[in-house]
Amino acid sequence: MIHAPRLNALETRHANLEQRIAQEGARPRPDDGALARLKREKLQLKEEMERLRRAN
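Residues numbered from 1 in each chain as written. Predicted model: local features only at pLDDT ≥ 70, side-chain atom pairs only at ≥ 80, totals over all residues. Heavy atoms only, no water.

### Looking at the environment of threonine 12
Secondary-structure assignment places threonine 12 in helix 1 (residues 4-26). Polar contacts involving the side chain of threonine 12 include one to the main-chain carbonyl oxygen of asparagine 8, which spans 3.0 Å. (Helix = DSSP H or I, 4+ residues; strand = E, 2+ residues; numbered from the N terminus. Polar contact = N/O pair within 3.5 Å; in protein donor to acceptor, adjacent residues only side chain to side chain.)

Given below as structure tokens:
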């Protein structure tokens, strides 16, 4: 698989973002702007991972 290293890196970043989203959401007063940015970035990573998977 040609894209395996890139895909692995994206999966790691995706998992880290999931953790950060959970941490921010668990705060007593979560920052809605930060949550939106994190979720948008997570979605972009997911879309890129899907493109790489389809390319193989």
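### Details of the side chain of glutamate 24
The topology assignment puts glutamate 24 in helix 1. A relative accessible area of 12% places glutamate 24 in the buried class. (Buried < 20%, exposed > 50% of the residue type's maximum accessible area, 1.4 Å probe, protein only.)

### Details of the environment of glutamate 11
Tracing the sequence through the fold places glutamate 11 in helix 1. Spatially, the C-alpha atom of glutamate 11 lies 8.0 Å from that of leucine 45, the residues being 34 residues apart in sequence. Those residues in contact with glutamate 11, other than ones at most four positions away along the chain, are Met49 and Arg53. (Contact = heavy atoms within 4.5 Å.)

### So, the pattern of salt bridges
Scanning the model with the defined rule gives five salt bridges in all. Linking glutamate 48 and arginine 6 is a salt bridge whose minimum nitrogen-to-oxygen distance equals 2.7 Å. With glutamate 48 in helix 2 (residues 32-55) and arginine 6 in helix 1, this residue pair connects regions lying 42 residues apart in the sequence. Given the relative accessible area of 22%, glutamate 48 is considered partly exposed. Since its relative accessible area comes to 39%, arginine 6 is described here as partly exposed. The shortest N-O distance in the salt bridge between glutamate 24 and arginine 27 comes to 2.8 Å. In the salt-bridge network here, residues are joined through shared partners; they are Glu11, Glu50 and Arg53. (Salt bridge = Lys/Arg side-chain N within 4 Å of Asp/Glu carboxyl O.)

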